[in-house]
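Next come the chains, spelled out residue by residue.
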Amino acid sequence: RQEVRPHPPREPELEVEVQVLSYDKAVVRGKAKGAVKLTIDGREVPIDLFGSFQKDVAVDPDVSYTEIIAVDERGNARKIKRSVKIASPLSPDSK
């Protein structure tokens, strides 16, 4: 007799791209495969039938990242943080 083991919990797949438009505005877009709920900085964002999402976000000058969380129907969550700062001309990573 074979023992049936439950599959380990697996969070949704999450791809995120952030486009910083100006010092106070950015667009967060991506795909959340297997997710039933998605939040960006605590605000729920709609996901289309293909798992795609897009949201304009206001950038707080005191916060350097945005947090995206995708949750599947079992409550498993995947969290990603992305920078929303415009690279300064003096910063070494702006080459």
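About the thresholds
Residues numbered from 1 in each chain as written. Predicted model: local features only at pLDDT ≥ 70, side-chain atom pairs only at ≥ 80, totals over all residues. Heavy atoms only, no water. Core = buried A, V, L, I, M, F, W, Y, C linked by side-chain atoms within 4.5 Å. Buried < 20%, exposed > 50% of the residue type's maximum accessible area, 1.4 Å probe, protein only. Helix = DSSP H or I, 4+ residues; strand = E, 2+ residues; numbered from the N terminus. Contact = heavy atoms within 4.5 Å. Pairing = 2+ DSSP bridges. Axes fitted to C-alpha atoms, helices over the stretch in contact; angles between N-to-C directions. Salt bridge = Lys/Arg side-chain N within 4 Å of Asp/Glu carboxyl O.

A. Representation of the nonpolar core in the model. With 16 residues, the main nonpolar core has L14, L38, I40, F53 and I68 as its most contacted residues. For this core, the elements supplying multiple residues, two or more each, are β1 (13-22), β2 (25-33), β3 (37-40), β5 (52-58) and β6 (65-71). Sequence-distant contacts of I40, defined by excluding residues within four places in its chain, comprise V28, V45, F53, K55, V57, T66, E67 and I68.

B. Quick look at the sheet that holds β5. One open sheet accounts for 3 strands, arranged β1-β2-β5; its pairing is antiparallel. The sheet is open, and its two edges are formed by β1 and β5, each paired on a single side. Sheet twist, expressed as the average angle between the axes of neighbouring strands with direction ignored, equals 20°. In terms of strand pairing, β2 meets β5 through 7 bridges, oriented antiparallel. By the bridge assignment, V27 is partnered in β5 with D56.

C. Here's a closer look at the pattern of salt bridges. For the structure shown, the criterion picks out 3 salt bridges. A salt bridge links R78 to E11; the shortest N-O distance between them is 3.8 Å. With R78 in strand β7 (residues 77-83) and E11 in the segment before β1, this pair connects stretches of sequence that are 67 residues apart. Close ionic contact of R29 with E17 constitutes a salt bridge, the shortest N to O distance being 3.4 Å. Of this pair, R29 sits in strand β2 while E17 sits in strand β1, and the two are 12 residues apart along the sequence.

D. Main features of unusual backbone geometry. A positive phi is found at D41, a non-glycine position, where the angle reads about 55°. Among the secondary structure elements, D41 is positioned in the loop between β3 and β4 (43-44).

E. Quick peek at the pairing of β2. Two elements, β1 and β2, share 9 bridges in a ladder whose sense is antiparallel. Pairing of Q19 across the sheet is with V27, part of β2. The antiparallel pairing of β1 with β2 creates a hairpin that spans 2 residues between the two strands.

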